[in-house]
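As a plain string of letters, each chain reads:
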Amino acid sequence: MKNNIPPMFKNKYLAHALGGYEGHKYLNNEPALKEAIKKGHKYYEIDLCLTKDGHVVPSHGWTPANAERCGMPYSPEFENMTKELFLKQTVHGMPTMDTELLYSYMKKHKDFYWELDLHGLKKEAAIEITKAVVNDFHNDEELFDRFLVQVNSREMFDGIDSVKHFKYYQYLLYKGTTPEKLKEAIEFCKANGIISIALSMKDASEEYIRTIKNAGLCLLVYSTDKQKTADRLYKMGVDTICTNTLNPKLDSKLKLKNSLPVKALRKIKRKLIKN
């Protein structure tokens, strides 16, 4: 069954904003990415924002609220954020990362996949940022086939797709999705070749999961850092979990810990201690 789904959804985990690091999230920077690689991740969510001088940079944004969320000390000059200004900033005391450095990691690790979160955009803004994505990632078709581009509306999809038709798209549903909105989203996905839906953990009921999977779509649930919650969602049919801290390396340790041979050895050890 796993062989029949798109390659990124063969991964149980999506590293949110390149993964959590030292208790922080929304980092989108190199230290987070290096840590996630060590933990065995092969699927990454990256937030991309457009600067005033027409470049995309890895960031959740620089409004006062976003700056606080990312640990970036806010300044009024952010209203005219350029690439040069962005690279002078820090997130939780760590350096920001430019697209060229990110691109080098993408090219080095050809078995890695990347979800692009461009955030909710009107059509013209979607066109503008897509042109920058194509340019800043060197119009690299091999790489683009490892992108999953997330959209949240018809006009955002139309804007992006008018510039560049990506192989993989995902439709984002915000928390509080009604059955009617879910039906509309599924119909839109099926009509436009969109392969997956991103569903809030709060909406991840058995009924919604079954409806999405029966439609032949892949399903990402965002987000949880609790192993028991993730395990429950997998059993319900979810393909991939967006997370800050869960990871493949931890998964392997848990499997070993819960394996029958290890359990049997522990039982023998307890008996020996008693005797």
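Residues numbered from 1 in each chain as written. Predicted model: local features only at pLDDT ≥ 70, side-chain atom pairs only at ≥ 80, totals over all residues. Heavy atoms only, no water.

Overview of the pairing of strand S11 (residues 240-243)
Residues in a regular strand project their side chains so that they alternate between the two faces of the sheet. Neither face of S11 is left uncovered, since the one carrying Thr240 and Cys242 and the one carrying Ile241 and Thr243 both have all their residues buried. Both strand S1 (residues 13-15) and S11 contribute to a ladder of three bridges, which runs parallel. When the bridges of S11 are listed, Ala15 appears paired with Thr243. Where strand S10 (residues 218-222) meets S11, three bridges bridge the pair, whose relative direction is parallel. Paired with Tyr222 across the strands is Cys242, a residue of S11. (Buried < 20%, exposed > 50% of the residue type's maximum accessible area, 1.4 Å probe, protein only. Helix = DSSP H or I, 4+ residues; strand = E, 2+ residues; numbered from the N terminus. Pairing = 2+ DSSP bridges.)

Some details on helix H4 (residues 99-108)
Within the sequence span of H4, burial applies to Thr99, Leu102, Tyr103, Tyr105 and Met106. All buried residues of H4 fall inside an arc of 160° around its axis, so they share one side. (Arc of directions from axis to C-beta.)

Brief notes about the pairing of S10
Within S10, four of the five residues are buried, leaving the element largely enclosed by the surrounding structure. In this region the chain leaves strand S9 (residues 196-200), passes through helix H9 (residues 206-214) and returns to the parallel neighbour S10; the handedness of that crossover is right-handed. Considered for its hand, the β-α-β crossover made up of S10, helix H10 (residues 227-236) and S11 is right-handed. (Right-handed = clockwise from strand over helix to strand, strands pointing away.)

A closer look at unusual backbone geometry
A positive phi angle, close to 50°, is found at Ala17, a residue other than glycine. Assignment of secondary structure puts Ala17 in the loop between S1 and helix H1 (30-38). On the basis of relative accessible area, Ala17 is assigned to the buried category, the value being 0%. Within the chain, Leu18 stands out as a residue other than glycine whose phi angle is a positive 70°. Secondary-structure assignment places Leu18 in the loop between S1 and H1.

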